[in-house]
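Listed below are the residues making up each chain.
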Amino acid sequence: MIAFLLRRLVQSLLVLLAMSVLVFVGVYLIGNPIDILISSQADQAERDRAIVALGLDKSIWSQYGSFAFGALTGDLGKSFAHGVPALELIMTRMPATLELALTAMLIAVGLGIPLGMIAGLKPDGFIGKSIMAASILGFSLPTFWVGLMLIMLFAVFLGWLPSNGRGETVDVFGVPLSFLTLDGLAHLILPAVNLALFKLSLLIRLTRAGVREAMAMDYVKFARAKGLSSTRIVGVHVLKNIMIPIVTVIGLEFGSVVAFAVVTESVFAWPGMGKLLLDSINVLDRPVIVAYLLIIVSLFVFINLLVDIAYSALDPRVRLADSGAH
Amino acid sequence: MTTLLDVKGLKTYFATTLGEVRAVDDVSLAVAEGEVVGLVGESGSGKSVTGYSLMGLVDAPGRIVAGSVKLQGRELVGLGERDWRALRGHDIAMIFQDPMLTLNPVLRIDTQIIEAIRAHADVSAARAREWAAEALAGVGIPSPADRLTAYPHQFSGGMRQRVAIAIALLHKPKLLIADEPTTALDVTIQGQILAQVQTLATQMKTSVIWITHDLSVVSGLANRIAVMYAGRIVEEGATTDVLTNPAHPYTRGLLRSLPSQNKPGETLTQIPGAPPRLLGERVGCSFAPRCDQAQVVCSEADPDRTVAANRAVRCHFALREEVAV
Ligand SMILES: Nc1ncnc2c1ncn2[C@@H]1O[C@H](COP(=O)(O)OP(=O)(O)OP(=O)(O)O)[C@@H](O)[C@H]1O
Ligand SMILES: [Mg+2]
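All figures in this text were calculated on a predicted structure; none of them were measured in a lab.

Visitor: What's the story with the packing of aromatic side chains in this structure? I'm lost.
Guide: Describing an aromatic ring pair means giving the distance of the ring centres and the angle of the ring planes. The full count for this structure, using the stated rule, is 10 aromatic pairs over all chains. Consider the rings of Phe-24 of chain A and Phe-67 of chain A, whose centres lie 5.3 Å apart with planes at 40°: the pair is tilted. Of this pair, Phe-24 of chain A sits in helix α1 (residues 2-30) while Phe-67 of chain A sits in helix α4 (residues 60-72), and the two are 43 residues apart along the sequence. Classification of Phe-24 of chain A by relative accessible area gives buried; the value is 4%. Here Tyr-250 of chain B and Phe-287 of chain B contribute two aromatic rings whose centre-to-centre distance is 5.2 Å and whose plane-to-plane angle is 70°, an arrangement assigned as edge-to-face. On the criterion of sequence distance, the pair formed by Tyr-250 of chain B in helix α11 (residues 249-256) and Phe-287 of chain B in the loop between α11 and β11 (306-308) is long-range, its members being 37 residues apart. Taken together, Phe-24, Tyr-64 and Phe-67 of chain A form an aromatic cluster joined through their ring pairs. Against the face of Tyr-52 of chain B rests Lys-221 of chain A, its NZ or CZ located 3.8 Å from the ring centre. In this arrangement the basic side chain of Arg-147 of chain B is found over the ring face of Phe-155 of chain B, its NZ or CZ atom lying 4.3 Å from the centre.

Put into structure tokens, the structure is as follows:
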């Protein structure tokens, strides 16, 4: 177990290192942030001062060196545009994104698994077929378009739900949360549903396929031959087997929900990290971009670890020591 | 002997895109109390589907379209799911061919035994555990109390089949349907399992339908043998009668293809041709195309089940003129 965790840690650090070099060089190649940050009326002296202040006068490698050195001590640099530490900037936006992503995932899991099971148990029934048809829509319609349609229908046309921002928030341990107030919850619904739709469809299909496969297995036939109730067969024998792939996918998809919240956040003006990233890319605010990506990668690594642990808890045939290779 | 199970004219068909597959087509079979019946036939002859039909485990697109299955006089065809559930694992139990697939890989052995106990008996958790350990001991699993907490993958194939047998026999069922339980195991283990089931069934006075494609497996085990071909029982009788004096050409073919029936070095005779399709209208005897004694009548008229001298045969020429083996 310890060896497994250590190996994981080393792997993750290597990934983070490679990532940061790529992003550093990538942003450097795209353009010079000075052209965007300094007004075109500024004189040359002013420009030079700004360049020195941001450290942009040095070579890219010495810039990377001082960044990496700072990163080791937890300092990811100051935002070019805002002048505050990039990490701090991201951390203030993170709760909004995590809240949105978690709610979306909750909707996707809470609806996706039961609907997928119904569709899997009665694949030829009207309900099963309707669920599958709906999930095809959820898969194929683009997220931003669905978001706009949701706003049109529920915010503009019916006027039931707000479509903009987080609404009223409550601080819990200094973290602002929307879902604890009625107004915040109302603001959360549309973006969360929008973000959940794709994952919901994915989970429905995954669960359905798993249920159909498991129901045809000998162990289900044997369980029936023992005289077990269908509740027990589906709820224990089938569910426990299909949870293995489902948990894996939920874990991996949660990372991508956080990462791809960008689209939903900009459609619904949700003040999360994704929106911050878009704004930062527009002004080539390199420290924020790098810090954001490092955080996302760390999140993926962390979730993968949790998935592996959950996996070994669910599947008795898997032992952690053997799974270090993924 | 009193009749335990009485199957009459059972037909189980599968609706497929190509048409109706007649997997079990007019099967009649009686099993007496405490009797072991060997159900023998080649792959695809409908042995498993017959077993599932007796357990009420035929799934769509399959359906029992006709016939009657009576257990101690009680009609089982058309029974509701609730009644079936009370029956399965309690009065009729079944074990399957591949022990690697029969047990749920993600549930512990104790979970899988205890749920089967509790499906039919209202006992305390402690008593259920005890019962589970006794059941494992009963099929010869060493240190059963410790093995209870193991997962299926920690057992060998033979041990897993023993666990499945232990589960099937928990409630001393009246009938055990053993669907080729030794086919996937190596020969020494096969013998052990065979002997184990025989001993336990005798102890519990459980009747057994032992399904196999291998006549030699049931020759030492079964009181009676039923030979199945293309969804039908073509010959049925006492084991010694059927083995020493087979009445149906198919049974004779099966016997000739057994290694033990031949002198060393002699080539085994195979039954020519391929197994029949079970689709479409039945015209004549389904074995006729492969039969070396087929006459014109065989491809024109479907033979009826003729019963004589403790033997039931479906052949136009059987039981009329005895043909030497
Ligand atoms: N779900 C199904 N759909 C269509 N046909 C089926 C289905 N299940 C079984 N059959 C058909 O029923 C026939 C009998 O199958 P069955 O499994 O009973 O054979 P078997 O005698 O047990 O063979 P084996 O020795 O290979 O186990 C086969 O020809 C098969 O094609
Ligand atoms: Mg079979």
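Next comes the rest of the write-up.
Visitor: Can you help me understand the packing of helix α7 (residues 143-157) of chain A against helix α10 (residues 230-267) of chain A in this one?
Guide: Geometrically, a packed helix pair is captured by the angle between its two axes and the distance between the axes. All names here are of chain A. Relative to each other, α7 and α10 sit at 30°, their axes nearing to 9 Å. With respect to their mutual orientation, α7 and α10 come out roughly parallel. As α7 runs across α10, the sense of the crossing is right-handed. On α10, the residues that touch Thr-143, Phe-144, Gly-147, Leu-148 and Ile-151 of α7 are Val-263, Thr-264 and Val-267. The class makeup of the residues in the contact of α7 with α10 is 5 nonpolar, 3 polar and no charged.

Visitor: Looking at this structure, how should I read the interface of chain B and chain A?
Guide: Bring the parts together and some accessible area is lost; that lost area is often taken as the interface size. Contacts between chain B and chain A engage 28 residues on the former and 21 residues on the latter. For the chain B face of the interface with chain A, the top three residues by lost area are Arg-85, Val-106 and Glu-115 of chain B, together amounting to 25%. The tally of links from chain B across to chain A stands at 4 salt bridges. Seen at the junction of chain B and chain A, the total is 11 residue pairs in polar contact (both at pLDDT 80 or more). Counting residues per element, the ones that place at least two in the side of chain B that touches chain A are α1 (47-55), β6 (92-95), α3 (99-102), α4 (109-120) and α7 (157-168) of chain B. Top element by residues in the side of chain B that touches chain A is α4 of chain B. It accounts for 6 residues. Within the side of chain B that touches chain A, the residues separate by chemical class into 17 nonpolar, 7 polar and 4 charged.

Visitor: Just checking my understanding: could you explain empty space enclosed by the protein for this structure?
Guide: Using a probe with the size of a water molecule, rolled over the atoms, empty space left in the structure can be pinpointed. All names here are of chain B. Going through the model one piece at a time under the given rule, you end up with 4 cavities of 30 Å³ or more. Of the pockets and cavities examined, the largest cavity occupies roughly 70 Å³. If you trace the largest cavity, you find it lined by His-248, Pro-249, Cys-285, Phe-287, Ala-288, Cys-291, Cys-298, Pro-303, Arg-314, Cys-315, His-316 and Phe-317. Residue classes in the lining of the largest cavity are distributed as 9 nonpolar, 2 polar and 1 charged. Taken as a whole, the second largest cavity holds about 60 Å³ of empty space. Around the second largest cavity sit Tyr-229, Arg-232, Val-234, Arg-282, Cys-285, Ser-286, Phe-287, Asp-302, Pro-303 and Arg-314, which together line it. Its residues placed into classes, the lining of the second largest cavity shows 5 nonpolar, 1 polar and 4 charged.

Rules behind the numbers
Residues numbered from 1 in each chain as written. Chains lettered and ligands numbered in written order. Predicted model: local features only at pLDDT ≥ 70, side-chain atom pairs only at ≥ 80, totals over all residues. Heavy atoms only, no water. Phe/Tyr/Trp six-rings, centres within 6.5 Å; stacked < 30°, edge-to-face > 60°. Helix = DSSP H or I, 4+ residues; strand = E, 2+ residues; numbered from the N terminus. Buried < 20%, exposed > 50% of the residue type's maximum accessible area, 1.4 Å probe, protein only. Lys NZ or Arg CZ within 6 Å of the ring centre and 35° of its normal. Axes fitted to C-alpha atoms, helices over the stretch in contact; angles between N-to-C directions. Parallel < 35°, antiparallel > 145°, perpendicular 65-115°, else oblique. Left-handed = near helix turned anticlockwise from the far one by under 90°. Contact = heavy atoms within 4.5 Å. Nonpolar A, V, L, I, M, F, W, Y, C, P; charged D, E, K, R; others polar. Buried area = accessible area lost by both parts, 1.4 Å probe. Salt bridge = Lys/Arg side-chain N within 4 Å of Asp/Glu carboxyl O. Polar contact = N/O pair within 3.5 Å; in protein donor to acceptor, adjacent residues only side chain to side chain. 1 Å grid on protein atoms, 1.4 Å probe; cavity = no way out; pocket = protein on both sides within 12 Å on 5 of 7 lines; lining within 4 Å. Points joined across faces, edges and corners; volume = space filled by probe spheres on them.

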